[in-house]
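An overview of the molecular structure
What follows is each chain in one-letter form.
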Amino acid sequence: MADAAFDLVVRNAQVATASDTFDCDIGIRDGRIVQLGQALAAGRDEYDAAGRVVTPGGVDAHCHLDQPMEAPARMADDFRSGSRSAACGGTTTVIPFAAQMKGQSLLAAVDDYHARAEGRAVVDYAFHLIVSDPTPQVLSTELPQLIAQGYTSFKVYMTYDDMKLDDGQILDVLDVARTHGALAMLHAENADCIEWLTRRLEAAGRTAPRYHAHARPMLVEREATHRAIALSQLVDVPILIVHVSGGEAVEQIRWARSHGLSVFAETCPQYLFLTAEDLGIDDSYHGARCVCSPPPRDKRNQQVIWDGLSDGLFTIFSSDHAPFRYDDPQGKKPHGEEVAFRHIPNGIPGLETRLPLLYSEGVLGGRITLQKFVELTSTNPAKAYGLHPRKGTIAIGCDADLVVWDHRDTVVRNADLHHAVDYTPYEGMGLKAWPALTLSRGEVVWDGRDCVAREGRGRFLRCGRPTLLPQRPEGRP
Ligand code: DUC
Ligand code: ZN
Ligand code: ZN
């Protein structure tokens, strides 16, 4: 059909956005949504969604892909396998981290990360920065330059020896965020408390994976969350606390909100579906699979996280996909050894399962509305990182990034996933839905059976200013 009005029409969709649900056909041309309505004209291609729920493609605003690591650790997923896995789970935009090593220029870190992504990604991607060495050159020149070029968010660590900043350094980078309109993401755990506890556990011979959770109790997250809030208040700049794991951190954030502070929060599937027991109830090494930071807590804390998702405490739901193979000398068994918990690479895979888990257990489980699901997984991350409205919604003019949902019983099996990790923490879990189709800029990237995307088709996205808050008029301090 040479002169069809549309390249593709998705018919009979039950469209869900962060605010509405409506039945319509979706007309797509040149990768964008160009018409929404009933009985649209024929397209060159047609897909009958047959009354199925259609949501905007997911925006996974916290994932780690091919991030340079200290040997022997190596991330299992590069931009190819990671973005394929994303597409198959309904995610059409990923925002991993260009990480500065101490002593390295931030510009060099970004150049290196582009080289890792180019020609490999199958869905669109933007970069956050990780600032681990805020030298005068970085603060005065590199960071402002990168923010202006579309890298408008950066992560700051309060723990991890190779990444952490002290309070004075955090104040310095928050000040840059304020001046240049960037969003700072904070990893809030108290490094000195963790080190002190780790040494005591080691002295007592308690080095099995499960002790990772003992070394990072809720208290160390609560204290750092409080401190991060205070630092942002001092500078008068919004912040986003990433991967919030439980009640005591949530209480700090509620306190900040009740005092009118712009403190945003993100949580992740592991804090809804895993507990510290998944790190082991005895000294076996299997629990290394679920070693991540902050660690999963308990059932009571899971409920606090669910409550925060439904009542607006959380703004963003991300995977924190940090892919390390279990049975691998570059993964959870460094040099092939079962090591003390301090040496186990932190992180679990979750790019592909993020949306199906929350859709099944949250929306179909009656815990959150469909609108809230879209808001948390797509619209808000797109707004927070300046990608909205191109990404994160279904409206005329947006990129045609769409997920058609199939409501069917399925069981999570790592063998069915597309990442390069040799396990999923959710193996055997029964779900009620999975994407039947994922479109990225109008192209099918997941057809319900296979990833059919061409390697390298994913485009780099320059981020604008965060639009979660009313914008200050230009030039006003
Ligand atoms: N914790 C992080 O801070 N990043 C990656 C994975 C993890 O567990
Ligand atoms: Zn982190
Ligand atoms: Zn992370």
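Up top is the structure these notes are about.
Residues numbered from 1 in each chain as written. Chains lettered and ligands numbered in written order. Predicted model: local features only at pLDDT ≥ 70, side-chain atom pairs only at ≥ 80, totals over all residues. Heavy atoms only, no water.

**Considerations on the packing of helix α3 (residues 136–148) against helix α4 (residues 167–180)**
For clarity, the cut-off: Here, axes are lines fitted to C-alpha atoms. For helices the fit covers the stretch in contact, and angles between N-to-C directions go from 0 to 180 degrees. By the criteria applied, helices consist of DSSP H or I runs no shorter than four residues and strands consist of E runs no shorter than two, each listed in order from the N terminus. Working definition: roughly parallel below 35 degrees, roughly antiparallel above 145 degrees, roughly perpendicular at 65 to 115 degrees, and oblique for all remaining angles. For a crossing to be left-handed, the near helix must be turned anticlockwise from the far one by less than a right angle; the clockwise case is right-handed. A contact between two residues is defined here by any heavy atoms of the two lying within 4.5 Å. Charged means Asp, Glu, Lys or Arg here, nonpolar means Ala, Val, Leu, Ile, Met, Phe, Trp, Tyr, Cys or Pro, and polar covers whatever is left, Gly included.
Following both chains from N to C, one finds α3 and α4 inclined at 45 degrees, their axes separated by 10 Å at the closest point. Accordingly, the angle class assigned to the pair α3 and α4 is oblique. The crossing of α3 and α4 is right-handed. Within the contact between the two elements, α3 uses Leu 139, Leu 143, Pro 144 and Ile 147 and α4 uses Asp 172, Val 173, Val 176 and His 180. Residue composition of the contact of α3 with α4, by class: six nonpolar, one polar and one charged.

**Section: the environment of His 214**
Defined as follows: Type-normalised accessible area, obtained with a 1.4 Å probe on protein chains alone, sets the label of each residue: buried when under 20%, exposed when over 50%, and partly exposed for intermediate values.
Tracing the chain through its elements places His 214 in helix α6 (residues 211–215). Looking at His 214, the relative accessible area reads 44%, which means it is partly exposed. Separated by 191 residues in sequence, His 214 and Trp 405 place their C-alpha atoms 39 Å apart. Setting aside its immediate chain neighbours within four residues, His 214 contacts Leu 197 and Leu 201.

**Remarks on helix α7 (residues 218–235)**
The cut-off we apply is this: Helix span, expected: 1.5 Å multiplied by one less than the number of residues in the helix.
For α7, which comprises 18 residues, the first-to-last C-alpha distance of 26 Å matches the rise-based estimate of 26 Å (1.5 Å per residue) to within 8%. Among the residues making up α7, those that are buried are Met 218, Val 220, Glu 221, Ala 224, Thr 225, Arg 227, Ala 228, Ile 229, Leu 231, Ser 232 and Val 235. Positive backbone phi, at 65 degrees, marks Asp 236, one or two positions downstream of α7.

By themselves, these observations are geometric and do not establish any function.
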